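The primary structure of each chain is shown beneath.
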Amino acid sequence: MESGSILDGQITASSVHSGDALAHCGRLNLPTENGCFGGWSAEAPFQNEWLKIDLLVEHTLTGVVSQGADYSGFSEWVELYTVSYFKVDQVGEMYITDGNGKIKIFDGNLDKNGHRLNYFQQPIQTTAIKFNMIKWNNHVSFRGELIGCREGNPWVRIFKGISMNGFSIYDAWTSGTGASSYHAHKYLISDTHYRNDVILNNWSSFDILKVKLTLYSQFNVEVKSMLFNGVGSTMTSWFASVNVEESSWDDLPAESTNYFSINGDSRNSRRFYINHGYGGCENDRGWLLITERARIGCYEGYDATPKILYSQSRSYENWSEGDVGTARAMTIDVKLG
């Protein structure tokens, strides 16, 4: 955290006291500068206040460091806290425990600038970690650090769109409207769109090497996928024929397209659109289409939206009469450098 490799958007808190005591101000040794008044402070000194760090990818952590807030004229620090964390394939949070399997209560600080290092009994593998405050001196004010390192180069889920839940997939991708950034919603069991705001709002800050788009059936079985080169891309430019490296459709990227973009045919609300050609509704043909409005008389139909339509064969299909299916979900994952 102190180094700045963890972005401000990866640090969140249960509450904040003021605009100069935001969550990202809770970095170890952060002085009173750059809009921060010496640390993170909760809105009020209540139980259940927390500071959370989203690591995005799996890390192995062996311990944590705590520090009070460097507020001139104030003596504020946390004396006791617990640590909870999130694992890659588990929905809820887990707690660091002691040798008896009980939640471990860690000793915090005795002053506002000293460091208190606490090692875990066993290293943990986690994608996010929380400091949960129990006891404090005068007010819940805190700075912290994590001890550990990243594990390998795994894929990171940055988006999940769901068919027919009533909320635009395109809006969820571009702005987060109708989407959740909560950890549990990235899994297929959830019917809510998921958006990783940290990566999507700071795309250029990450070394994105690859982007993978995957479609799933009504039974959450993978049916189609595409792999894109993400180097030097933006959150929209990666989705282009020139970036396709692998595809479940044999004729992509070689076959010609009249649309291959996330914005797609905005006039007809056709997003994440890979289309071969237009010829009237009965002759339109393509590979992938997210339709965001019903169109009676055309292949979108008139039932619930959005719908993720796709060619079920190895090539493009006629949208009206071809081998076209509706995917329940679309996920987008990235590999970071």
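Now for a look at the structure at hand. (Residues numbered from 1 in each chain as written. Predicted model: local features only at pLDDT ≥ 70, side-chain atom pairs only at ≥ 80, totals over all residues. Heavy atoms only, no water.)

### Quick look at the overall build of the protein
So the rule is basically this: A helix here means a DSSP run of H or I that spans at least four residues, while a strand means a run of E at least two residues long, and both kinds are numbered starting from the N terminus. The buried label goes to any residue with under 20% of its type's maximum accessible area, the exposed label to any with over 50%, and the partly exposed label to all in between, with areas taken from a 1.4 Å probe on protein chains only. Contacts are residue-level and defined by heavy atoms, with any inter-residue pair within 4.5 Å sufficient. To be clear on the numbers: accessible area is Shrake-Rupley with a 1.4 Å probe, and residue cover counts the displayed protein chains and nothing else. Positive charges come from Lys and Arg, negative ones from Asp and Glu, while His and the chain ends are left out of the count. To locate a charge, take atom NZ for lysine, CZ for arginine, CG for aspartate or CD for glutamate.
When helices and strands are tallied, the protein shows 2 helices and 23 strands. In terms of principal-axis extent, the alpha carbons of the protein reach across some 75 × 40 × 35 Å. Put simply, the protein has 337 residues, and 50% of those count as buried. Sequence-distant contacts in the protein: of pairs separated by 6 or more residues, those separated by 24 or more amount to 65%. Here the protein displays about 14700 Å² of accessible surface, and carbon together with sulfur accounts for 48% of that area. Counting 28 positive and 38 negative side-chain charges, the protein places the averaged centre of each group 2 Å from the other.

### Examining the side chain of His-59
Note the following rule: For the purposes of these results, a polar contact is taken to be a pair of N or O atoms within 3.5 Å, where, inside protein, one atom must be able to donate a hydrogen and its partner to accept one; residues adjacent in sequence count only when each atom of the pair is a side-chain atom.
Note that His-59 resides in strand β5 (residues 50–67). The exposure class of His-59 is buried, given its relative accessible area of 14%. A distance of 2.8 Å separates a polar atom in the side chain of His-59 from the backbone oxygen of Val-57. Excluding anything up to four places from it in sequence, His-59 contacts Ile-124, Gln-125, Thr-126, Cys-149, Arg-150 and Glu-151.

### Quick word on the environment of Leu-30
Structurally, Leu-30 is set in the loop between β1 (11–13) and β2 (32–33). When the C-alpha atoms of Leu-30 and Trp-40 are compared, they prove to be 9.9 Å apart, with 10 residues separating the residues in sequence. Those residues in contact with Leu-30 that sit more than four places away from it in its chain are His-24, Cys-25, Cys-36, Gly-38 and Arg-143.

### Quick notes on the layout of surface pockets
To locate leftover empty space, one rolls a probe as large as a water molecule over the atoms. To keep things clear, this is the line we draw: The definitions used throughout rest on a 1 Å grid laid over the protein atoms alone, on which a cavity is an enclosed set of points accommodating a 1.4 Å probe that cannot get out and a pocket is an open set flanked by protein within 12 Å on both sides along at least five of seven lines; lining residues are those having an atom within 4 Å of a point. Grid points are joined across faces, edges and corners, and a volume is the space filled by probe spheres set on the points. Each residue is assigned to one of three groups, with Ala, Val, Leu, Ile, Met, Phe, Trp, Tyr, Cys and Pro labelled nonpolar, Asp, Glu, Lys and Arg labelled charged, and all others, Gly among them, labelled polar.
There is about 670 Å³ of room inside the largest pocket. If you trace the largest pocket, you find 30 residues lining it, with Asp-54, His-183, Lys-186, Tyr-194 and Asn-196 closest to the centre. Secondary-structure elements contributing two or more residues to the lining of the largest pocket are β1, β5, β9 (116–137), β11 (155–162), β13 (193–195) and α2 (197–201). Examining the composition of the lining of the largest pocket, we find that 5 residues originate from one element, β5, more than from any other. Looking at the lining of the largest pocket, its residues break down into 12 nonpolar, 9 polar and 9 charged. Volume-wise, the second largest pocket comes out at about 420 Å³. Forming the walls of the second largest pocket are 21 residues, and the residues nearest its centre are Ser-5, Ile-6, Gln-10, Leu-55 and His-59. Mapped onto the lining of the second largest pocket, the elements with two or more residues apiece are β5 and β10 (141–150). Of all the elements, β10 adds the most residues to the lining of the second largest pocket, at 6 residues.

### Brief notes about the packing of aromatic side chains
Under the convention used in this document: Aromatic rings from Phe, Tyr and Trp, with only the six-membered ring used for Trp, were paired whenever their centres fell within 6.5 Å, and each pair was classed as stacked if the ring planes differed by under 30 degrees, edge-to-face if by over 60, and tilted otherwise.
Inspection of the entire model under this criterion finds 20 aromatic pairs. Arranged with centres 6.2 Å apart and planes meeting at 70 degrees, the rings of Tyr-81 and Phe-142 form a pair that is edge-to-face. Note that Tyr-81 is positioned in strand β6 (residues 77–86) and Phe-142 in strand β10, a separation of 61 residues in sequence. There is no split in this pair, since Tyr-81 and Phe-142 are both buried. Ring centres 6.5 Å apart and planes at 40 degrees place the aromatic pair Tyr-273 and Tyr-278 in the tilted group.

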